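An overview of the molecular structure
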Amino acid sequence: MAHQQRRLAAILFVDAVRSSWLMGRDESGTVTRLLSHLSQRLAPAVARRSGRVVRLKGDGGLIEFASAVDALAAAIDFQQAMIEANRDEPENEAIVFRAGLHLGDVIVDGDDIYGDDMNVAARLEAEAPA
C-alpha cells in the first residue's frame, strides 16, 4: 500500500437547510440566492480567517483551516452575515445554514482532502441547529 500524505486540519462543513424545498418552490431564484450567499458571505469569511474552500456543492461546502480557532471564527462570521442577509426575508423564504466543525487528520490528494474526520464534521453539521 502506498504511503498517504496526511495533515491535521480543522474541517468546516456548511449546508443550507431546506434547500430542496426552496428549490421546489423557486429553483432559479433559490440557486441564484445560494450562490450569492456562498460567494458574498461564506467566501469572505473563509478568506478573512485564512481558510481554503476545498469544494462547494449546490447548497453548501467543505472548508479547511490550519487552525480550529480560525475555523470557528469563520463559521461565526458566516452565520452572523446570514442573519443580516435574512433580516428582511420572510421566514419561509430565508436561506439558513447549519455548520459542523471538527479537528482531525485528513488524507491529502492534490487539492482535495478525505478521511473519517471529515465524516465526523459532516455528521455534526447534520445534527446542528440552523
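Everything discussed here concerns the structure shown above.
Since the structure is predicted, the reported quantities are computational estimates derived from the model, not experimental observations.

**A few points about the environment of Arg-98**
Its place among the elements puts Arg-98 in strand β4 (residues 97-109). Each C-alpha atom of the pair Arg-98 and Ser-20 lies 15 Å from the other, and the pair is 78 residues apart in sequence. Among all residues touching Arg-98, those that are not within four sequence positions of it are Phe-13, Val-14, Asp-15, Val-17, Gln-79, Glu-125, Ala-126, Ala-128, Pro-129 and Ala-130. Polar side-chain contacts of Arg-98 include one of 3.1 Å to the side chain of Glu-125.

**Points about the sheet that holds strand β2 (residues 52-57)**
Pairing is antiparallel in the open sheet, where 5 strands are placed in the order β2-β3-β1-β4-β5. Each of the sheet's edge strands pairs with one partner strand only, and the pair in question is β2 and β5 (112-114). Averaged over neighbouring strand pairs, the angle between their axes works out to 40° when direction is ignored. For β2 and strand β3 (residues 60-65), the ladder comprises 5 bridges, and the chain directions are antiparallel. Residue pairing in the sheet places Arg-55 in a bridge with Leu-62 of β3. Most of the contacts of helix α4 (residues 116-127) go to β4, to which it runs at about 175°, and overall it touches β1 (5-16), β2, β3, β4 and β5.

**Examining unusual backbone geometry**
Glycine aside, residues mostly have negative phi, and peptide bonds are mostly found in the trans state. For Arg-18, which is not a glycine, the phi torsion comes out positive at approximately 65°. The residue Arg-18 is located in the loop between β1 and α1 (19-25) in this model. Given a relative accessible area of 33%, Arg-18 falls into the partly exposed group. Positive phi, close to 60°, is recorded for Ser-50, a residue that is not glycine. Within the secondary structure, Ser-50 sits in the loop between α2 (27-48) and β2. On the accessibility criterion, Ser-50 (60% relative accessible area) is exposed.

Cut-off values and rules
- Residues numbered from 1 in each chain as written.
- Predicted model: local features only at pLDDT ≥ 70, side-chain atom pairs only at ≥ 80, totals over all residues.
- Heavy atoms only, no water.
- Helix = DSSP H or I, 4+ residues; strand = E, 2+ residues; numbered from the N terminus.
- Contact = heavy atoms within 4.5 Å.
- Polar contact = N/O pair within 3.5 Å; in protein donor to acceptor, adjacent residues only side chain to side chain.
- Pairing = 2+ DSSP bridges.
- Axes fitted to C-alpha atoms, helices over the stretch in contact; angles between N-to-C directions.
- Buried < 20%, exposed > 50% of the residue type's maximum accessible area, 1.4 Å probe, protein only.

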